[in-house]
There are 2 protein chains.
Amino acid sequence: MAEPRDNQQPDSVFTRPPRGRRAQPALSRERIVAGTIALLDRDGAPALTMRKVAAELGVHATSLYWYVDRREDLVDLALDAVLAEAAAGLPGPDEPWESAVKTTARRFYTALTDRAWAAEFAGVRPLLGPNALALSRRIIAALADSGGGDEDRAVAIRALANQILGAATTTVAMRAGAAAARGGTDDARAAAVSASDALAVENAYFDQVIDLLLAGIRARRAT
Amino acid sequence: MAEPRDNQQPDSVFTRPPRGRRAQPALSRERIVAGTIALLDRDGAPALTMRKVAAELGVHATSLYWYVDRREDLVDLALDAVLAEAAAGLPGPDEPWESAVKTTARRFYTALTDRAWAAEFAGVRPLLGPNALALSRRIIAALADSGGGDEDRAVAIRALANQILGAATTTVAMRAGAAAARGGTDDARAAAVSASDALAVENAYFDQVIDLLLAGIRARRAT
DNA sequence: ACCTGAACACCGTTCAAGT
DNA sequence: ACCTGAACACCGTTCAAGT
């Protein structure tokens, strides 16, 4: 845990701010988001407090308010940052619509379940950041090629969004429940094996659930 | 806001505790749950603090710990209490499986969205109370009649659970967003009309989304 | 412009003490 | 058995002040 730094550099042209303005702000939104994610990865969702994020950055809690308005902003920024990878490698526009839906949904779900805190916060904060929007839009674009009327597509979009969010939320809840039930009573090797098995099972379930929705969409289109 | 009561009744046989034991405990789990729900209905999810629940009941915050272990227990108890109505009037065993799924899912969803705090907490606490289990089991029982293999049914169960939770969560989030966007700029009559319209639209969407899943289940069974 | 420091009005939870 | 009261170790956020 870093102490608020005490600025004891020797006085010289190089350290002195180059006019009225400070040379480099100690903080920035990016640094704050990075610190927030580091804290969340290490200590989990309940550890997200203004004071702890500030400590992570060697700064006072009140300094954060220069860059964000409230604690919730940190949550929203961290969540969207974590969705950046998922939004980076989206299927191209020539991808058939069904596989585009599948891989985009899976990427979204994986980003949320990779870090437990992401799924926990996603259930509590609406996902409105640019990366969340990019993911949503890719799914919407794919459904545009799915046939059916506007109404059908609007329903399908909601169904997929609900499914992704619901699946991510219940997956991390079940993991937490399983971990609590296990207690401390298992050796590391067995735990690692069963964890990777469990992950494969979870992912298979997610894919099948999405397939079920796609089957429904196809069936609807046929009638 | 009730003050902790100051016990100034006249001394008599009727007021005096009838031996070592107290006549009637001032508190009980039921009273605590009722107070919690009253508070949540009035002031919303962020108002749920041990101190405020205690004030609601005219008691000190620390007294609650005789009946519950932690704040989360209040959340779990309040959530399950709110699901009691929904679990009370479930479709009978002779109901055709598709309509049993539809009405049970709808009851579950409605219970969660009727009070915003219920959906908010449902996204954050696993629903493991007796009433939540009764609702889940009714859906599971219905799916037993849906045909298909065990694996298909397990997938369908997850899909429905994810859908209910996801739909409830996003519905209340959208309502909150819409309310924030409106600000204070609308008269009460117009607001009431548009709120009831919006509710009808929401419910129609939910029903259609469930229908989409059911179409998927049917299609799967056919192949 | 950017950060500190003090302060306000809260939190959940523990534990010893009363009755 | 059941409730109080004091206490501990926190919270988010505001605002004036420093540089």
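The numbers attached to residues start from 1 for each chain and follow its sequence in the written order. Lettering of chains starts at A and numbering of ligands starts at 1, both following the order in which they are written. With pLDDT at 70 or above as the cut-off, local features in this predicted model cover only qualifying residues; side-chain atom pairs require 80 or more to be listed or tallied, and sums for whole chains, interfaces and linings still use all residues. The side-chain quantities take in all heavy atoms of the structure and omit both hydrogens and water.

Participant: Explain the overall build of chain A to me, please; I cannot follow it from the model alone.
Facilitator: Segments assigned H or I by DSSP are reported as helices when at least four residues long, segments assigned E as strands when at least two residues long, and all are numbered from the N terminus. A tally of regular secondary structure across chain A gives nine helices and zero strands. Order of helices (α) and strands (β) in chain A, N terminus to C terminus: α-α-α-α-α-α-α-α-α. Burial analysis of chain A (223 residues in total) assigns 39% to the buried set. Put simply, of all contacts in chain A between residues at least 6 apart along the chain, 75% involve residues at least 24 apart. Only carbon and sulfur atoms are counted for the fraction: they give 55% of the accessible area of chain A, which is about 12,400 Å². When a residue's accessible area, from a 1.4 Å probe over protein chains only, is under 20% of the maximum for its type it is buried; when over 50% it is exposed; and in between it is partly exposed. For this analysis, residues touch if any pair of their heavy atoms sits within 4.5 Å. What sets the accessible areas is the Shrake-Rupley method with a 1.4 Å probe; for residues, cover comes only from the shown protein chains.

Participant: Would you mind going over the UniProt feature "DNA-binding region" (unreviewed entry) in chain A with me for this structure?
Facilitator: UniProt positions are given in the numbering used here, feature names are shortened, and annotations may be inferred rather than shown by experiment. Residues annotated in UniProt with the feature "DNA-binding region" (unreviewed entry) correspond here to residues 49-68 of chain A. Overall, residues 49-68 of chain A shows 35% helix and 0% strand. The separation of its end C-alpha atoms is 13 Å.

Participant: Honestly, the side chain of Glu202 of chain A in this entry has me stumped. Any pointers?
Facilitator: Residue and element names in this part refer to chain A. Of note, Glu202 is situated in helix α9 (residues 188-222). Glu202 sits in the buried class, given a relative accessible area of 16%. In this structure, Glu202 is in contact with Tyr109, Thr171 and Arg175, ignoring residues within four places of it in sequence.

Participant: In this structure, what is going on with the protein's contact with DNA strand D? I would like to understand it.
Facilitator: As a structural note, the neighbourhood of DNA strand D is formed by 21 residues, with Arg51 and Thr62 of chain A together with Ala26, Ser63 and Tyr67 of chain B the closest of them. Proximity criterion: a residue is near a molecule or strand once any of its heavy atoms comes within 4 Å of it. Close to the protein, within 4 Å, the atoms of DNA strand D are drawn from sugar and phosphate at a rate of 53%. The contact in question runs from a phosphate oxygen of DNA strand D to an N or O atom on the backbone of Ala26 of chain B, over 2.6 Å. As used in this structure description, the phrase polar contact means that two N or O atoms lie within 3.5 Å; if the pair is within protein, one of them must be able to donate a hydrogen and the other to accept it, and residues adjacent in sequence are counted only when both atoms belong to side chains. Between a phosphate oxygen of DNA strand D and a main-chain N or O atom of Leu27 of chain B, the distance comes to 3.0 Å. Looking at the surface near DNA strand D element by element, the count peaks at three residues for helix α2 (residues 50-56) of chain A. The nonpolar class holds Ala, Val, Leu, Ile, Met, Phe, Trp, Tyr, Cys and Pro. Asp, Glu, Lys and Arg form the charged class, and all remaining residues, Gly among them, are polar. Looking at the surface near DNA strand D residue by residue, the class counts come to nine nonpolar, five polar and seven charged.

Participant: Is there a simple way to think about the protein's contact with DNA strand C in this case?
Facilitator: Contacts to DNA strand C come from 22 residues, most closely from Ala26, Ser63 and Tyr67 of chain A together with Arg51 and Thr62 of chain B. Of all DNA strand C atoms lying within 4 Å of any protein atom, the proportion belonging to sugar or phosphate reaches 54%. One of the side-chain N or O atoms of Trp66 of chain A is found 3.3 Å from a phosphate oxygen in DNA strand C. For the surface near DNA strand C, the residue count by class is nine nonpolar, five polar and eight charged.

Participant: Help me out: how do you make sense of the relation of the copies chain A and chain B in this one?
Facilitator: Note on the chain copies: they are related by a rotation about an axis and a translation along it. Superposing the copies works by least squares over the C-alpha atoms of residues that have pLDDT at least 70 in both of them. Each copy superposes on the other: chain A lies on chain B with an RMSD of 0.0 Å after a rotation of 180° and an axial shift of 0.0 Å. Given the turn and translation reported, the copies of this chain are related as if by a two-fold rotation axis. Scanning chain A for the C-alpha nearest the rotation axis identifies Gly216 of chain A, at a separation of 1.8 Å. Both copies present the same face, since 100% of the interface residues in chain A are matched by interface residues at the equivalent positions in chain B.

Participant: What is the right way to read the interface of chain A and chain B from this model?
Facilitator: Buried accessible area, meaning the area lost when the parts come together, often serves as the stated size of an interface. Contact with chain A, which involves 28 residues of that partner, is made by 28 residues of chain B. Summed over both partners, the accessible area lost on bringing two parts together, with a 1.4 Å probe, is the buried area. Carbon and sulfur atoms make up 65% of the surface buried where chain A meets chain B, a total of about 2,700 Å² over both sides. By the criterion of area lost to chain B, the three top residues of chain A are Asn162, Tyr205 and Leu212 of chain A, representing 23% of everything that side buries. Whenever a carboxyl oxygen of Asp or Glu lies within 4 Å of a side-chain nitrogen of Lys or Arg, that contact is scored as a salt bridge. Scanning the region where chain A abuts chain B turns up zero salt bridges. Scanning the region where chain A abuts chain B turns up six residue pairs in polar contact (both at pLDDT 80 or more). Among the elements of the structure, α8 (150-182) and α9 of chain A are those that each provide at least two residues to the side of chain A that touches chain B.

Participant: Looking at this model, I keep getting lost on the domain arrangement of chain A. Mind explaining?
Facilitator: Residue and element names in this part refer to chain A. Domain boundaries in chain A define domain 1 (29-81) and domain 2 (94-222). The split into domains, and so the bounds of each, comes from an automatic or database assignment of domains. One C-alpha centre belongs to domain 1, the other to domain 2, and the line joining them spans 26 Å. On the domain 2 side, the residues contacting the 12 residues of domain 1 number 13 residues. Together, the buried faces of domain 1 and domain 2 total about 1,100 Å²; carbon and sulfur atoms form 60% of this surface. Looking at the side of domain 1 facing domain 2, the largest losses of area belong to Ala45, Leu79 and Asp80, adding up to 50% of the total buried there. As a salt-bridge pair, Glu72 and Arg125 come within 3.2 Å of each other at their nearest N and O atoms. Our enumeration of links across domain 1 and domain 2 arrives at six residue pairs in polar contact (both at pLDDT 80 or more). Looking at the side of domain 1 that touches domain 2, the elements with two or more residues in it are α1 (29-43) and α3 (71-82).

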